[in-house]
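Summary of the model geometry
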Amino acid sequence: MLEALTGTGLAASAGLNAYIPLLTMGLLDRYTDTIDLPGGWQWLSNGWVLVILAVLLAVEVVADKVPVVDHVNDVVQTVVRPTAGGLAFGAGSSSETVTVSDPGSFFGSHQWVPVAAGVVIALCVHGFKAASRPVVNVSTAGVGAPVASTAEDFTSVVLSLLAILLPVLVLLGLVVLVAGAVWVIRRRRRRRRERQTSEGVGTQRLFG
């Protein structure tokens with residue numbers, strides 16, 4: 001159960017920001033005893049990999065806070081974030097952390113299962129993020145983009161740390177994400193109805 005929550009939290013974090021969970025795992029494995037990555041995932045704590053992830057994170061953080069550019073970035077990240085989610089779930093769920101002492105028992109020998117699960121989870125979270133950003137940009141004339149992006153980055157960091165240190169609390173984070181997704185869906189539907197109503201009124205005035 002804890003292994004699944006660890007992987008889920010890291011994959012959900014990747015759906016918001018592809019590089020934060022990978023960089024978090026790499027740094028904690030390299031400089032602390034909080035997490036011990038298995039042999040197949042030790043490359044995440046390599047110095048050059050950490051530098052590359054840090055540079056990519058910096059680019060992502062800036063691009064995601066600029067209206068219009070953030071939409072283009074989300075399109076590109078449609079491939080990157082699910083991939084990172086698969087890597088994060090696979091590495092996190094098979095690692096020994098402060099709360100998981102027997103990660104080898106998780107999913108048995110089916111090593112593809114956690115990676116596939118991470119891809120699906122990250123893709124779902126990414127879809128929610130990509131769908132919510134246009135709503136924020138339109139309703140705030142672009143001013144809300146950096147605020148929303150900062151909140152997403154903060155959430156990604158918190159989810160990554162919770163997934164490794166207190167995976168049980170990942171459930172709380174997932175509830176918040178689901179609630180946010182429901183709000184976005186309702187907001188989009190409301191705006192669509194309002195737009196259809198205004199178009200209908202305009203048509204009546206033109207031909208009435």
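Residues numbered from 1 in each chain as written. Predicted model: local features only at pLDDT ≥ 70, side-chain atom pairs only at ≥ 80, totals over all residues. Heavy atoms only, no water.

Focus on the pattern of salt bridges
Two side chains bearing opposite charge may form a pair once their charged atoms approach each other closely. To keep things clear, this is the line we draw: Here, a salt bridge means any side-chain nitrogen of Lys or Arg that lies within 4 Å of a carboxyl oxygen of Asp or Glu. The numbering of helices and of strands both runs from the N terminus, where a helix is a DSSP run of H or I of at least 4 residues and a strand a run of E of at least 2. Burial classes follow relative accessibility: with a 1.4 Å probe on protein chains only, a residue under 20% of its type's maximum area counts as buried, one over 50% as exposed, and anything between as partly exposed.
Scanning all chains against the criterion turns up 5 salt bridges. Note that Glu152 is salt-bridged to Lys129, the shortest N-O span being 2.4 Å. Here Lys129 lies in helix α5 (residues 112–140) and Glu152 lies in helix α6 (residues 144–165), a separation of 23 residues in the sequence. Assigned by exposure class, Glu152 and Lys129 land together as buried.

Focus: the side chain of Glu60
We count it as follows: Nitrogen and oxygen atoms within 3.5 Å of one another constitute a polar contact, given that in protein one can donate a hydrogen and the other can accept it, and given that sequence-neighbouring residues count only through two side-chain atoms. A contact between two residues is defined here by any heavy atoms of the two lying within 4.5 Å.
Relative to the assigned elements, Glu60 resides in helix α3 (residues 47–63). Here Gln77 takes part through its side chain, which lies 3.3 Å from a polar atom of the side chain of Glu60. Apart from the residues within four sequence positions on either side, Glu60 is in contact with Leu16, Asn17, Tyr19, Asn73, Gln77 and Arg81.

Re the side chain of Lys65
Tracing the chain through its elements places Lys65 in the loop between α3 and α4 (69–93). Among the polar contacts made by the side chain of Lys65, one reaches the side chain of Asp153 at a distance of 2.8 Å. When sequence neighbours within four positions are dropped, the list of residues in contact with Lys65 reads Ala145, Pro146, Ser149, Thr150 and Asp153.

Things to note about the nonpolar core
Quick reminder of the rule: We define a nonpolar core as any set of buried Ala, Val, Leu, Ile, Met, Phe, Trp, Tyr and Cys residues linked to one another through side-chain atoms lying within 4.5 Å.
Counting 24 residues, the largest nonpolar core has Leu22, Met25, Leu37 and Leu44 as the members making the most contacts within it. By residue number, the principal contributor to this core is helix α2 (residues 20–31), which donates 5 residues. Other than its neighbours up to four places away in sequence, Leu44 contacts Leu22, Met25, Gly26, Leu37, Val49, Leu50 and Ala91. Formed by 5 residues, the second largest nonpolar core is a distinct cluster that contains Ala12, Leu16, Leu159 and Leu177.

A few points about α4
Selection criterion: A helix is expected to span 1.5 Å for every residue after the first. At any given residue, the bend is defined as the angle formed between two axes, one fitted to the seven residues that end at that position and one fitted to the seven that begin there.
The end-to-end C-alpha separation of α4 is 33 Å, in line with the 36 Å expected for 25 residues at 1.5 Å each. Along its length, α4 reaches its greatest deviation from straightness, about 50°, at Gln77.

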